[in-house]
Amino acid sequence: MVTLRLHPADIKLLRDLWRMRGQALAIAMVAMCGIATLVTMRGGYEALVEAQHTYYERYRFADVFAHVKNAPLTLLERIREVPGVSDADGRVVFDASLDVPGLDEPASGRLVSLPVTPGTGLNRIHLRSGRLPEAGNRLEVLVSEAFSAANRLRPGDSLFGIINGRKERLHIVGIGISPEYVNEIKGNSFPDNRRFGVLWMARDALAAALNIRDSFNDVAVMLAPHASEQRVIEQLDILLAPYGSLGAYGRKEQVSHSFIENELSSNRVSGTIIPAIFLGVTAFLIHNVLLRIITLQRAQIALLKSFGYSSFSVAGHYLKFALLTVMAGGMLGVALGTWLGQGLAKLYADFYHFPSMEFRLSGFSIALSLLVAAFSAVFGAWLAAARVLRLAPAEAMRPEAPAHFRPGPLERLGLQRYMPLPVRMVLRNMERNAAKSLLSIVGLALAVALMITGQYTFDALNEIIRLQFRTAQRDDVTLSFNEARDLSVVHNLAALPGVLRVEPFRSLPVKMRFRHRMKKTAIMGMPPARELRMILDNRERPVELPQEGIVMTKKLAEILAVSAGDTLTVETLEGKRKTAAVPVTAIIDEPIGTFAYMSNTALARAMSEPETASGAFLAVDPARQAELYRALKSVPAVGSVNLREATLQSFLSTVAENMRINTMVLVAFACVIAVGVVYNSARIALSEHAVELASLRILGFTRGEVGRMLLGEQSLLTLAALPVGCLLGYALSALLSDLLSQELFRIPLVVSGRTFALSIGVVLLSAAISGYLVWRKVQKLDLIEVLKTRE
């Protein structure tokens, strides 16, 4: 029979852990939350990166893209000969208006041609169900998975599409996904899988429908290893310019890929800042607990050193206490983080369409998480353990010298006479242990800050909805035409059923240059008298578009590094490709997109073209919406229809669900910090003042009075932490708002009074629970045992 024999120091360690199990558990729980956050974010990041990389590589996702009006297929050979080009595909792409069964509103579909030889080319299709469309059958389509799921479409169903002015009945033969549309987004909008989808057709069928049999209007290019993307784009622009190219662009500007990259960037930011807060609090708690243990065990430390234990061995004993406590929480954090990460991966799988996505926690991530936990334990324990190294055995055998007290601010100001004795005792103790009190305030302030950070995203979301979708966008329906139309189209639209007001707009794709910076975007030409789409300044006042000049969003101005008064070089990317110098007259702040605005008259004059319309904003009679939708489904000139409320719902489903889950987790974890800090601070205070409290009990003070003295200090610390936490939370929200800003979507810095109140309330409740636990300890205080303690 094998007998397990522990070293005497290890037996002492286990006794210390058991005696301080409540405090050790609180520290372990805080460490668990920090490591769980790190594991969740790191694991989700790895799962998304792995799924993306595998999908892109296996299905040959292109590196460079370009759209043209009409280019001959023979041009593909010249494109393939460009240095740095590995392969090139010429495709036919067309945006059509769709009539989907069961959907009252008109939908939009992007028709994409399939290679002549199935399973070849770039941006290959992964078939989920059914089969590919057969060559020669011009009415068969393969439908994207997200669109089919949102509209409950299956192989065998059919829908109608207006292709080149003709309404065609399209037969669904399969469901598929493509690396080009991992997230199905049209333009700079948000995913709306109910009203926008991708449909693939046989190349000969789609080319015949558009009368471009021996041509292509879209090209995808794969780069050779180590090729320069910028040089390839420059060469492509030269080759494609005669064919009406809007300019080639790389993956980083491809909408679906950009959306995923933004998510990965947000994941990295959240996965760094939030775990750092938790592990910082863990180090603080470890420091406080070990400092008190070492103070109470001075005599034991002296005996250990007298019996031959080196200072480093004794210090190592206390480091073990920290490591065991934090690493236990770390391992629980790995398990919790794995569970949360699996939920995050499932959320990603519902949102991003990959052939497969699994949450696999790598050995590197586990090692990194535990290493970070160990670092926080050692960092917190080191300052306390350093006292052991400096403590000589003879000095440690004596009780610690009493602190030297001097009159404080209360006494010098004569305020003590106006305060009850318990309050004076609490304030004096806080004043004489200012460093410890300050650290406790910081710990509690971090809990408040974390709560505010989790909640402020909802305030920002509500602000975006109010400002963008209620104040600036007042139209009910936005129409986009297949091509620019004469302004007489306004009268035709006004005659449609239910239309109350029509405001045309011109969306002109351009290339803006300022010094060495360049950005491809679109200028919105709008009429001077507008009611349906407002441009607002920082005070939400309508901005009048100047007769000469351009108004742009703050994000676009930052990209180009321009200010009001600077002059841009603007090159149109369609038609005759005119170039004009346009002054920047104003910069506005909008939370969505990177847009520029001009008066439609000024835009036409600057580009030397007649006034035309790319689309129109409509105000619609709610009672006749269904009638209007039916009419729009049969209008050949309409390429797409966007509904304001549908866009809002899409925005909410895209952003709000993720925010809700993150907030719930952050609230729970913030409560753990509050409980851990208050409980540990109160328990340490109880151990420090046990003799005084017991003496007060013998002198006639009641349990309630003694308990209030102990918890009064924690109450004052908590109250002092609240304003600090509010300021810290606001600063942290501002930091995240800046770090998470993207071209497509920015989070405004808005923190409501409700968020502050809720955050304060949750932390106060957590502190009250901790106080109750310590109160029970006070009630069980053994007076005789405490007074026997050697000081």
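Up top is the structure.
All values derive from a computational prediction rather than experimental measurement. (Residues numbered from 1 in each chain as written. Predicted model: local features only at pLDDT ≥ 70, side-chain atom pairs only at ≥ 80, totals over all residues. Heavy atoms only, no water.)

1. Notes on the overall build of the protein
Broken down by element type, the protein carries 23 helices and 20 strands. In the protein, buried positions account for 53% of the 791 residues. In the structure as shown, the protein presents an accessible area of about 35,600 Å², 58% of it carried by carbon and sulfur atoms. (Helix = DSSP H or I, 4+ residues; strand = E, 2+ residues; numbered from the N terminus. Buried < 20%, exposed > 50% of the residue type's maximum accessible area, 1.4 Å probe, protein only. Areas by Shrake-Rupley, 256 points an atom, 1.4 Å probe, with all protein chains shown as cover.)

2. Quick look at the nonpolar core
Core analysis: the largest hydrophobic core is formed by 80 residues, its most contacted members being Phe278, Leu290, Leu450 and Ile673. Excluding its chain neighbours within four sequence positions, the residues that come into contact with Leu290 are Tyr318, Phe321, Ala322, Ala381 and Ala384. If you look at the next biggest cluster of nonpolar residues, it comprises 26 residues, including Val92, Ala107, Ile163 and Ile212. (Core = buried A, V, L, I, M, F, W, Y, C linked by side-chain atoms within 4.5 Å. Contact = heavy atoms within 4.5 Å.)

3. Thoughts on empty space enclosed by the protein
All told, the structure shown has 3 cavities of 30 Å³ or more when counted by the stated rule. The volume enclosed by the largest cavity comes to roughly 60 Å³. Lining the largest cavity are Asn288, Lys436, Ser437, Ser440, Ser681, Ile684, Glu713, Gln714 and Leu717. At the level of elements, α14 (434-472), α19 (644-688) and α21 (703-739) are the ones that each hand at least two residues to the lining of the largest cavity. Here the lining of the largest cavity is composed, by residue class, of 2 nonpolar, 5 polar and 2 charged. In this structure, the second largest cavity occupies an estimated 50 Å³ of space. Lining the second largest cavity are Arg138, Leu139, Ile163, Glu168, Met201, Ala205, Leu206 and Ala209. With 3 residues, the top contributor of residues to the lining of the second largest cavity is helix α5 (residues 203-209). For the lining of the second largest cavity, a count of residues per class yields 6 nonpolar, no polar and 2 charged. (1 Å grid on protein atoms, 1.4 Å probe; cavity = no way out; pocket = protein on both sides within 12 Å on 5 of 7 lines; lining within 4 Å. Points joined across faces, edges and corners; volume = space filled by probe spheres on them. Nonpolar A, V, L, I, M, F, W, Y, C, P; charged D, E, K, R; others polar.)

4. Details of the pairing of strand β2 (residues 85-91)
Taken across its 7 residues, β2 has 6 buried, putting it largely inside the fold. Sheet topology places β2 next to strand β10 (residues 215-223); 6 bridges connect them, and they run antiparallel. Across the sheet, the residue bridging to Gly90 is Val219, located in β10. (Pairing = 2+ DSSP bridges.)

5. Remarks on the sheet that holds strand β11 (residues 249-250)
One key point about sheets: their strands pair by backbone hydrogen bonds, in either a parallel or an antiparallel sense. Here we have 4 strands laid out as an open sheet, ordered β2-β10-β1-β11, and antiparallel in their pairing. For this open sheet the edge positions go to β2 and β11, each flanked by a neighbour on one side alone. Lying on the sheet, helix α6 (residues 229-240) is in contact with β1 (64-72), β2, β10 and β11; it crosses β1 at an angle near 10°. (Axes fitted to C-alpha atoms, helices over the stretch in contact; angles between N-to-C directions.)

6. Digging into the packing of aromatic side chains
This structure, assessed with the given rule, holds 10 aromatic pairs. Relative to Phe354, the ring of Tyr55 has its centre 5.8 Å away and its plane inclined at 70°; by these criteria the two rings are edge-to-face. Here Tyr55, found in helix α2 (residues 21-58), pairs with Phe354, found in the loop between α9 (311-351) and α10 (363-390); they are 299 residues apart in sequence, far enough to count as distant. On the basis of an interplanar angle of 85° and a centroid distance of 4.9 Å, the ring pair of Phe351 and Tyr352 is categorised as edge-to-face. Here Phe351 falls in the partly exposed class, since its relative accessible area comes to 23%. Taking relative accessible area as the criterion, Tyr352 reaches 2% and is therefore assigned buried. (Phe/Tyr/Trp six-rings, centres within 6.5 Å; stacked < 30°, edge-to-face > 60°.)

7. Quick word on the environment of Ala149
Assignment of secondary structure puts Ala149 in helix α4 (residues 145-151). Considering only alpha carbons, one finds Ala149 and Ile175, 26 residues apart in sequence, at a separation of 9.5 Å.

8. Thoughts on the pattern of salt bridges
For the structure on display, the rule yields 28 salt bridges. One salt bridge connects Arg466 with Glu540, and the closest N-O pair in it is separated by 2.5 Å. You can see Arg466 sitting in helix α14 and its partner Glu540 sitting in the loop between β14 (517-526) and β15 (550-553), a full 74 residues away along the chain. Note on Glu540: relative accessible area 32%, which makes it partly exposed. In this structure, the salt-bridge partner of Glu645 is Arg470, at a minimum N-O distance of 2.7 Å. Linking Glu645 in helix α19 with Arg470 in helix α14, this pair joins segments that are 175 residues apart in sequence. Residue Glu645 is classed as partly exposed on the basis of its relative accessible area, which comes to 37%. The class for Arg470 is partly exposed, based on a relative accessible area of 40%. One network of salt bridges, in which partners are shared, links Arg60, Glu77, Arg80 and Asp87. (Salt bridge = Lys/Arg side-chain N within 4 Å of Asp/Glu carboxyl O.)

9. Looking at the packing of α14 against helix α22 (residues 753-779)
Between α14 and α22, the least distance of the axes is 9 Å, while the angle of their chain directions is 145°. Read as a crossing pair, α14 and α22 show a hand that is right-handed. Together, Ala447, Val448, Met451, Ile452, Gln455, Tyr456 and Asp459 of α14 and Arg754, Thr755, Phe756, Leu758, Ser759, Val762 and Val763 of α22 make up the contact between the two elements. Here the residues of the contact of α14 with α22 are counted per class, giving 9 nonpolar, 3 polar and 2 charged. (Left-handed = near helix turned anticlockwise from the far one by under 90°.)

10. Re the side chain of Ser369
Along the polypeptide, Ser369 turns up in helix α10. Looking at Ser369, its side chain comes within polar contact range of the main-chain oxygen of Ser365, at 2.8 Å. For Ser369, the residues in contact, after removing those within four places along its chain, are Ile35, Leu38, Val39 and Val334. (Polar contact = N/O pair within 3.5 Å; in protein donor to acceptor, adjacent residues only side chain to side chain.)

11. Some words on the environment of Thr569
On the secondary structure map, Thr569 appears in strand β16 (residues 567-572). Among the residues examined, Thr569 registers a relative accessible area of 35% and is labelled partly exposed. Along the chain, Thr569 and Ala580 lie 11 residues apart, while their C-alpha atoms are 5.8 Å from each other. In this view, Thr569 contacts Lys511, Met512, Arg513, Thr579 and Ala580; residues no more than four positions away in its chain are not counted.

12. Some points on the pairing of β14
It is a general feature of regular strands that their side chains alternate between the two faces of the sheet. Extensive coverage of β14 is indicated by the burial of 8 of its 10 residues. Direction of pairing for strand β13 (residues 499-514) relative to β14: antiparallel, over a ladder of 9 bridges. Counted as the bridge partner of Phe514 is Arg517 from β14. Here β13 hands over to β14 after 2 residues, with Arg515 in that stretch at a positive phi of 55°.

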